[in-house]
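Next come the chains, spelled out residue by residue.
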Amino acid sequence: MNIQEYIASGVLESYVLGLASEKEVAEVEQFALQYPEIKAEIRAIEDALESYAFANAQTPPAGLEDKIWAQIEAESNEKQTKVLDFESGKEIDLDEKKPPKLTGFYGSYLRIAASVALLGSLLANIYFASQWKEAKSNLSLAVNENIKLQKDIKSQEGMMKPSEVSLIMDPQIKMSKLVGQKGSENSTVMLAWDTKTNKVYVVRGNLPTPPAGMQYQLWAIVDDKPVDAGVFDIKNNTQELKKVPPAKAFAVTLEKQGGSPVPTSDIMAMGI
Amino acid sequence: MARRISIAEEELVSLLKNKDQRGFNVLYNNYSGALFGVINKIVQSDDDANDLLQDTFLKIWRNIDNYDSSKGSIFTWMMNIARNLSIDKVRSADFRDSSQNISMEQNVIYQVDNEHQTLMDVDSIGLRKVVDNLKPEYRQLIELVYYQGYTQAEVSEEYGIPLGTVKTRIKAAVGSLRAMLSGLWLVVAFLF
């Protein structure tokens, strides 16, 4: 398939705008998984339309947020308590789990005795076989659980700490997102700027690890000039940088360890 | 880009899936303005827009498990919910009855007010200037399709252009929007 031709056909715009046919939707979703260029193009179209919606934003009336939250809470209280399966999170129907009733067995005593013996042996076989099977599946469940837990721990490393969440939810904090430039389009740097103290924080700097002896440096664009806002490392934690005046935009460059008085590299990420 | 992101999208989604109230707060702070703008443009009535914004957030909250990030951004998904609820409302019988009672004059005043964007989000003024430079026919096309949910056939009828050309025209409109937004970035890049 020619990816450029596919992008040029306009089908991706139709997809994002909800105009594509079912067949086109399935095809676009398939290609998006296969080709990173197509996924990036979809994201760029989404970003442009999202910016359009944000350019036309209107502030909803005060008090509506509390009203909606009250409605959400009222709804979740109405729901009855359900028993959830710990593993799958699916609801368990308690009535379904009752064992079926056993029916009787008739015949002469001898036949009964012989049959009971045979049945006993059969049942024992089945019992042991199932025990063995269960032990085997328990073992593989335990192994899977272990893998899953390790994955969970790994993904939690990137999660924000409560102190970081409260920083970004502080009303005097203004957030901005810088997007990666040529070569690292999927990178983002989240910034928090304190409107009262003028301190700037890098909340999450998701950029490629810099080469040895190099560090990322943040610049605030003030009066059309870059102002040094400090250097930062790539780690899963918020870093406090320098105080900077209200900036029109921010940009990140790659500089030698400790930073440079003036930007010397290409822009790695920028945003307003 | 220029949206007020306070938290990475993945983290917002995971807060929402865990039914965490902070997820709701972040969601509301970041997106209520843009969604309210969309809804208001479709229904053009304050009372209905308030109700629809409430319905939109309830639906987002209830259906967050259906959101699949591999298929698109969280905003595209939420925007579709807001748009579909609003279009359903406009097409419903009780809405058509009540809007007939509004006089022509009131309607015009409302629209003029709307043009002035008296309620506009302060944060979006810079971005607004960029989008204002979009050619009127491109802006109209984006609004018909993106906001009002026009199909390609309806666009073709509205503009009197062949169905096959609609896709190209839409691509050009979105492309022009993208070029303007990246122009904003070039200004920043020029300083370095």
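Residues numbered from 1 in each chain as written. Chains lettered and ligands numbered in written order. Predicted model: local features only at pLDDT ≥ 70, side-chain atom pairs only at ≥ 80, totals over all residues. Heavy atoms only, no water.

S.K.: Please explain the overall build of chain B as it appears in this structure.
M.R.: In terms of helices and strands, chain B carries 10 helices and zero strands. The N-to-C order of helical and strand elements in chain B reads α-α-α-α-α-α-α-α-α-α. When each of the 192 residues of chain B is scored for burial, the buried share is 48%. Counting contacts in chain B only where the partners sit at least 6 residues apart, residues at least 24 apart contribute 62% of the total. For chain B, the computed accessible surface area is about 9400 Å², with 51% contributed by carbon and sulfur atoms. (Helix = DSSP H or I, 4+ residues; strand = E, 2+ residues; numbered from the N terminus. Buried < 20%, exposed > 50% of the residue type's maximum accessible area, 1.4 Å probe, protein only. Contact = heavy atoms within 4.5 Å. Areas by Shrake-Rupley, 256 points an atom, 1.4 Å probe, with all protein chains shown as cover.)

S.K.: Can you help me understand the pattern of salt bridges in this one?
M.R.: Oppositely charged side chains can pair when the atoms bearing their charge come close. Inspection of the entire model under this criterion finds 12 salt bridges over all chains. Notably, a salt bridge pairs Lys71(B) with Glu29(A), separated by 3.9 Å at the nearest N-O pair. In this pair, Lys71(B) is assigned in the loop between α3 (46-63) and α4 (74-91) and Glu29(A) in helix α3 (residues 22-34), connecting two distinct chains. (Salt bridge = Lys/Arg side-chain N within 4 Å of Asp/Glu carboxyl O.)

S.K.: Looking at this structure, how should I read the pairing of strand β5 (residues 225-232) of chain A?
M.R.: For a regular strand, the rule is simple: side chains alternate between the two faces of the sheet. All names here are of chain A. Sheet analysis places strand β4 (residues 214-222) next to β5, joined by six bridges and oriented antiparallel. Note on β5: the bridge partner recorded for Trp219 is Asp228. In this structure, the hairpin formed by β4 and β5 is closed by a connection of two residues, where Asp223 is found at a positive phi of approximately 50°. (Pairing = 2+ DSSP bridges.)

S.K.: Before we go on, may I ask you to explain the interface of chain A and chain B in this structure?
M.R.: In many reports, interface size means the accessible area that the parts give up when they come together. In this assembly, 66 residues from chain A lie in contact with 75 residues from chain B. Here chain A packs against chain B, burying approximately 6700 Å² in sum over the two surfaces, 63% of which is carbon and sulfur. Taken together, the connections running from chain A to chain B amount to five salt bridges. Between Glu41(A) and Arg178(B) there is a salt bridge, and its shortest N-O distance comes to 2.8 Å. At the boundary of chain A and chain B, one finds 15 residue pairs in polar contact (both at pLDDT 80 or more). Top contributing element to the side of chain A that touches chain B by residue count: helix α4 (residues 36-55) of chain A, with 15 residues. Tallied by class, the residues present in the side of chain A that touches chain B amount to 39 nonpolar, 13 polar and 14 charged. (Buried area = accessible area lost by both parts, 1.4 Å probe. Polar contact = N/O pair within 3.5 Å; in protein donor to acceptor, adjacent residues only side chain to side chain. Nonpolar A, V, L, I, M, F, W, Y, C, P; charged D, E, K, R; others polar.)

S.K.: Is there a simple way to think about the pairing of strand β1 (residues 173-180) of chain A in this case?
M.R.: All names here are of chain A. The buried fraction of β1 amounts to seven of the eight residues, a majority that puts the element mostly inside the structure. Two strands pair when backbone bridges link them, and β1 and strand β2 (residues 188-194) are joined in this way by seven bridges, in the antiparallel orientation. The residue bridging Met175 from the neighbouring strand is Ala192, located in β2. Here β1 pairs with strand β8 (residues 267-271) via two bridges, running antiparallel. The residue bridging Gly180 from the neighbouring strand is Ala269, located in β8.

S.K.: I would appreciate a short explanation of the sheet that holds β5(A) in the present structure.
M.R.: Within a beta sheet, neighbouring strands are joined by backbone hydrogen bonds and run either parallel or antiparallel to one another. All names here are of chain A. The antiparallel open sheet is built from eight strands, whose spatial order is β5-β4-β7-β8-β1-β2-β3-β6. Of all the strands in the sheet, the pair left with one neighbour each is β5 and β6 (239-243). Averaged over all pairs of adjacent strands, the angle between strand axes in this sheet comes to 30°, irrespective of strand direction. Alignment of β4 against strand β7 (residues 249-256), held across eight bridges, turns out to be antiparallel. Its bridge partner being in β7, Ile221 is matched across the sheet by Ala249. Sheet strands touched by helix α7 (residues 162-169): β1, β2 and β3 (199-206). Its angle to β3, the strand with the most contacts, is close to 125°. (Axes fitted to C-alpha atoms, helices over the stretch in contact; angles between N-to-C directions.)

S.K.: Before we go on, may I ask you to explain the environment of Leu53(B) in this structure?
M.R.: Relative to the helices and strands, Leu53(B) is located in helix α3. A relative accessible area of 0% means that Leu53(B) is categorised as buried. Counting along the chain gives 21 residues from Leu53(B) to Ser32(B), while the straight-line C-alpha distance between them is 7.8 Å. Ignoring sequence-local partners within four residues, the contact set of Leu53(B) consists of Pro60(A), Leu64(A), Ile68(A), Tyr28(B), Ser32(B), Leu35(B), Phe36(B) and Ile39(B).

S.K.: I tried to follow a negative patch on the surface on my own but got confused; where do I start?
M.R.: On the surface, Asp46(B), Asp47(B), Asp51(B) and Asp55(B) cluster together into a patch of negative charge. We classify Asp47(B) as exposed; its relative accessible area is 60%. (Patch = residues over 30% accessible without salt bridge, like charges linked within 9 Å, V, L, I, M, F, W, Y side chains within 5 Å. Lys, Arg positive; Asp, Glu negative; His and termini not counted. Charge placed at Lys NZ, Arg CZ, Asp CG, Glu CD.)

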